[in-house]
Amino acid sequence: MLDSITIRKYKPEDREHIRKICCDNGFFGNPIENVFEDRELFADFYTSYYINKEPGHIFIAIDKNKVIGYLISSTNKNHFISSLPIYITSISKMLFRFIARKYKQKESYEYVKLALKSVFTSFKNPRNSAHLHFNVDKNYRHHGIGIRLLIEFEDMLLKEKIKTYYGQFYDKLNDDSRSKIQKIFGFIDYDIKETKIFSNKIKETIYIKTIKKDLSINNTIASVVESKGLKIANVDFWKWTIT
């Protein structure tokens, strides 16, 4: 499978593929419809800024002519301010559809309530750092595609003389393998906040975790893979394991 997979930069025709994969993975690797039926709005919120404002910082994983993964990122130091119009528009649409009772699923109304509460959660994000978000089609997970996307991303940051970046994800804080992989590849825990956004579906406590990486100490993923003699296909950033 890996022989036919390539990584390239974003093209306009990739837009809908990114949005689809984003929604297909929106609920802990499962379709967002499990908790929220509005795929259009979910995709707007999580992908529109990057596609509209920073398409040059997007990488696409391709199997022949099929989009099977993506990495979207921002190097804008004023990302929060620049993205506000998109986020405000998305939240306004969500509120309107909520009040107008446009949704059919009970879970969607619960999700909106919890999502709006989470908007007011204060997250500690590293200053002057790039950030990223990536996803892979469920049929292509566990084949090292995530790490290949990250290698391209780090190479781009070094060329742009950006030394630090961070990512945020939902975590249950009981995954020792995740912590092991983070340490091997130079990621450090930067911030952890409890969230209730999926509490109507998951009884365990869920956190939004921010991890940071400093590239100035020569610890790129590519260099770690080479120095430790790892095979890219065996490094799984989806399960956070090395086999």
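All chains use their own residue numbering, which begins from 1 and follows the written sequence. Selection of residues for local features in this predicted model requires a pLDDT of at least 70, selection of side-chain atom pairs for listing and counting requires 80 or more, and totals for whole chains, interfaces and linings are taken over all residues. As a rule here, side-chain values cover all heavy atoms of the structure and leave hydrogens and water aside.

## Brief notes about helix H5 (residues 145-159)
An α-helix turns once per 3.6 residues; consequently, residues spaced three or four apart project the same way.
Okay, step 1: The numbering of helices and of strands both runs from the N terminus, where a helix is a DSSP run of H or I of at least 4 residues and a strand a run of E of at least 2. A helix is expected to reach a length of 1.5 Å times the quantity of its residues less one. For H5, spanning 15 residues, the distance from its first C-alpha to its last is 22 Å, which sits close to the expected 21 Å at 1.5 Å a residue.
Okay, step 2: Following H5 by one or two positions, Lys 161 has its phi on the positive side, about 60°.

## Regarding the pattern of salt bridges
When the charged atoms of two side chains lie near each other, side chains of opposite charge can form a pair.
Okay, step 1: Any Lys or Arg side-chain nitrogen found within 4 Å of a carboxyl oxygen on Asp or Glu counts as a salt bridge. What the rule picks out here adds up to 15 salt bridges.
Okay, step 2: A salt bridge links Glu 33 to Arg 39; its shortest N-O distance comes to 2.9 Å.
Okay, step 3: Its relative accessible area of 24% is what places Arg 39 among the partly exposed residues.
Okay, step 4: Salt-bridge contacts for Asp 38 lead to Arg 97; the nearest nitrogen and oxygen are separated by 2.6 Å. Here Arg 97 lies in helix H3 (residues 79-99) and Asp 38 lies in the loop between helix H1 (15-24) and helix H2 (39-53), a separation of 59 residues in the sequence. Relative accessibility under 20% of the residue-type maximum defines a buried residue, over 50% an exposed one, and the middle range a partly exposed one, all with a 1.4 Å probe and only protein chains included.

## Structural notes on the confidence of the model for the chain
Okay, step 1: Per-residue confidence from the predictor is reported as pLDDT, a score between 0 and 100. Of all residues in the chain, 93% have pLDDT values of 70 or greater, and the mean over the chain is 89.
Okay, step 2: By mean pLDDT, strand S9 (residues 241-242) is the weakest element of the chain at 54, and H1 is the strongest at 98.

## Description of unusual backbone geometry
Okay, step 1: Positive phi, normally seen in glycine, also occurs at Phe 28, with a value near 50°.
Okay, step 2: Following the sequence through the fold, Phe 28 ends up in the loop between H1 and H2.
Okay, step 3: The exposure class of Phe 28 is partly exposed, given its relative accessible area of 33%.
Okay, step 4: Positive phi is not limited to glycine here, since His 142 has a value of about 70°.
Okay, step 5: In this fold, His 142 is placed in the loop between strand S4 (130-136) and H5.

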